[in-house]
Structures are given as structure tokens and as C-alpha cells.
Amino acid sequence: MSVTSRREFLKNAATQTAAAGFLCAGALDLRANPLGMPLGCQTWPVRDMIAKDFPGTLKQLAGAGFQSIELCSPVGYADSGFAGLAKYSGAELRKILGDAGVTCVSSHFGIKELRDDQDGRIAWAKDVGLTQMLVPSLDGPAKPTLDDVKRAADEYNKMGEKSAKAGIQQGLHNENFELSIVDGKRTYDLLLDLLDPKLVKFQFQVSTISNGYDAAEYFTKYPGRFISMHVQGWSAKTKKLMPVGQDTLDWKKIFTAAKTGGVKNYFVEMNLDMMKASVPYLRNLQV
């Protein structure tokens, strides 16, 4: 998620009550994930904790059952709690992650920081051990023309090419600009057509079901185009976020389609209580 929309998203999420079934770390079954992918979470919801104690926050997430985490760049997200990560070298970050018992292959980067210094951001990513660099949005206009979309896609294809040469997969999230409409067509669909499948993958925000974007439909329609997803439970009845498994989404259908879509990892992204409450269901979900 982008900085602005993350604030709005999690402000709404924070108003929800944590679901029943919240488990302490000691009660979790830490067997291998039956989905075949590490149980991951995005670090954006715990950005305030990270600003105060990064190593301690990671250990708390690992204790809750999360096996992998997705970071946010200390440059692009400096004003959101991640600036402190810049004090660590790549080797130090790797050690902190390893000591906490979590893996990290992905991070979000603002499109502006890639425009300003993509070489430098790629170097940081490789130092940390990342293989995926995701941008939350291409930051086009709120009401784009087709030419606006084409320009954004052309720019990002070039970024994807540079990343690929460095052994890094570039990926695009879906919000803000990507959820706009151009001549009656979804900008997101246009970008799926315009972005080079060899250079750019996509990360699907499951909560965009609230805007009519169905994860399973996209994974099925565009096989192999996705690399990861942000997982949120959503209730069609209340129109609110819910812990995964206590909502109305068909997660077996979503994860089955995710295999077709090419998804390699997923990151739960809600407030901390909801993320923790989602762990038992995801650990036992069979697809």
C-alpha cells in the first residue's frame, strides 16, 4: 500500500475489534504451512513498533507464527516509521532477520525513490537479500488518459528491465492510480496489457474486493502474471475487514487460483490483532 492509502486503510481497520480465537505464541502449531508458501505479513501495520524497536518487533511477529515479512523501504517510507532501518547495513539487517527467525525477500519502494536513484535502491535491496522490489502505485493522475497510462507503463517497463539485469523482480501493487478508470476500462487491466510480463509481475491487494476487484478472477484471467498478494479478510455482510477465516471470502478458491496466477508468497496486512487472529486459519488451510 502507498503511504497515504495505508493510513486510511489501517485507520478503518483499527476500528474493528480483534476477533475471538486470538492465540498466544506458545499455543501456535508451528508445523510447515500446508499452502506450500511461508506464512507472511506486511510490516506496514506495525510501523510504529518498528520505529521504536525493529528487532523486538520482528521477534514478536515470529512468535505469533509469521515465517516471512515484507519490508517498506527506509527511503520511500522514511516518514512512516521505517527511517531507522537506514542505520543498519545490509549484512546487519540480514542478521537481525535471521536472529528473529524470519525470512525477507520482498520490500515496498516508492516510485519516486526509484526515479531518483534506482541503482542505489537496487544495491540496497541486494545487500539485504531481497529478490523482489514492489511499488505501491505508479502515481499517475487520479483521472488519467490512455496516454497517461501508456507513459506510466513505459517508465515502469524500463525500471523492470534495469532490475531484471540485477537479478531483482520488479512488481506492481494495485491501488490509487491503478484503480482508476480510462474510457470505461480499468487502468489496472490496461497495465496488465501494457507492462512486459518478463519484466514486471503484480502483487494483488485482496481487500480491493471492496472496489469490485476479485483476486481469484484476476489470478485465473492472467496466469503467471502475479508474484504475491496482500491478504485481508473481508465481510460482504458488514463491508468491513475481518481476520482471515472469520470473513466471507472463499480462501480455498483464492489460493487455488493464486497458483495459476503465479503467486509465490503472500503477506497478511491488517492491524496486529487481526493479523495474529488470521494465523490459525491459514496454518490449517488445505488447498
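Residues numbered from 1 in each chain as written. Predicted model: local features only at pLDDT ≥ 70, side-chain atom pairs only at ≥ 80, totals over all residues. Heavy atoms only, no water.

## A short note on the overall build of the protein chain
Inference 1: A count of helices and strands for the protein chain gives 10 helices and 12 strands.
Inference 2: Evaluated residue by residue, the protein chain yields a buried proportion of 56% over its 287 residues.
Inference 3: By sequence separation, contacts in the protein chain at least 24 residues apart represent 80% of the contacts at least 6 residues apart.
Inference 4: Of the roughly 12000 Å² that the protein chain leaves accessible, carbon and sulfur atoms contribute 52%. (Helix = DSSP H or I, 4+ residues; strand = E, 2+ residues; numbered from the N terminus. Buried < 20%, exposed > 50% of the residue type's maximum accessible area, 1.4 Å probe, protein only. Contact = heavy atoms within 4.5 Å. Areas by Shrake-Rupley, 256 points an atom, 1.4 Å probe, with all protein chains shown as cover.)

## With respect to the packing of aromatic side chains
Inference 1: Following the criterion strictly, the structure yields 17 aromatic pairs and no others.
Inference 2: Seen in terms of ring centroids, phenylalanine 204 and phenylalanine 219 are 5.8 Å apart; in terms of plane orientation they differ by 70 degrees. Their pairing is edge-to-face. Of the two residues, phenylalanine 204 sits in strand E8 (residues 200–205) while phenylalanine 219 sits in helix H8 (residues 215–221), which places them 15 residues apart along the sequence.
Inference 3: For phenylalanine 204, a relative accessible area of 0% corresponds to the buried category.
Inference 4: Aromatic ring contacts, followed pair by pair, group Tyr188, Phe202, Phe204, Tyr213, Tyr218, Phe219, Tyr222 and Phe226 into a single cluster. (Phe/Tyr/Trp six-rings, centres within 6.5 Å; stacked < 30°, edge-to-face > 60°.)

## Section: the sheet that holds strand E9 (residues 226–231)
Inference 1: Taken together, eight strands build a closed barrel; the order of strands is E1-E2-E3-E4-E5-E8-E9-E12 and the barrel is parallel. Taking each pair of neighbouring strands and ignoring which way they run, the sheet shows an average axis angle of 30 degrees.
Inference 2: As paired strands, strand E1 (residues 39–42) and strand E12 (residues 265–268) are joined by three bridges and run parallel to one another. For glycine 40, the partnering residue across the bridge sits in E12 and is phenylalanine 267.
Inference 3: Along the sheet, helix H7 (residues 187–194) makes contact with strand E5 (169–172), E8 and E9, crossing E8 at roughly 155 degrees. (Pairing = 2+ DSSP bridges. Axes fitted to C-alpha atoms, helices over the stretch in contact; angles between N-to-C directions.)

## What to know about the nonpolar core
The nonpolar side chains of soluble globular proteins are, as a tendency, buried together.
Inference 1: Judged by nonpolar contacts, the single largest core of 84 residues is most densely connected at Phe219, Met229 and Tyr266.
Inference 2: Top contributing element to this core by residue count: helix H5 (residues 111–128), with six residues.
Inference 3: For phenylalanine 219, the contacting residues outside a window of four places in its chain are Phe204, Phe226, Met229, Ile254, Ala257, Ala258, Thr260, Gly261 and Val263. (Core = buried A, V, L, I, M, F, W, Y, C linked by side-chain atoms within 4.5 Å.)

## Overview of the pattern of salt bridges
Inference 1: Scanning the model with the defined rule gives seven salt bridges in all.
Inference 2: The salt bridge involving lysine 95 is made with aspartate 99; its shortest N-O contact spans 2.8 Å. Within this pair, lysine 95 and its partner aspartate 99 are both found in helix H4 (residues 90–100), separated by four residues, close to a single helical turn.
Inference 3: With a relative accessible area of 54%, lysine 95 lands in the exposed category.
Inference 4: Of the charged contacts in the structure, one is a salt bridge between arginine 121 and glutamate 113, with a shortest N-O distance of 2.8 Å.
Inference 5: By relative accessible area, glutamate 113 is classed as buried at 5%. (Salt bridge = Lys/Arg side-chain N within 4 Å of Asp/Glu carboxyl O.)

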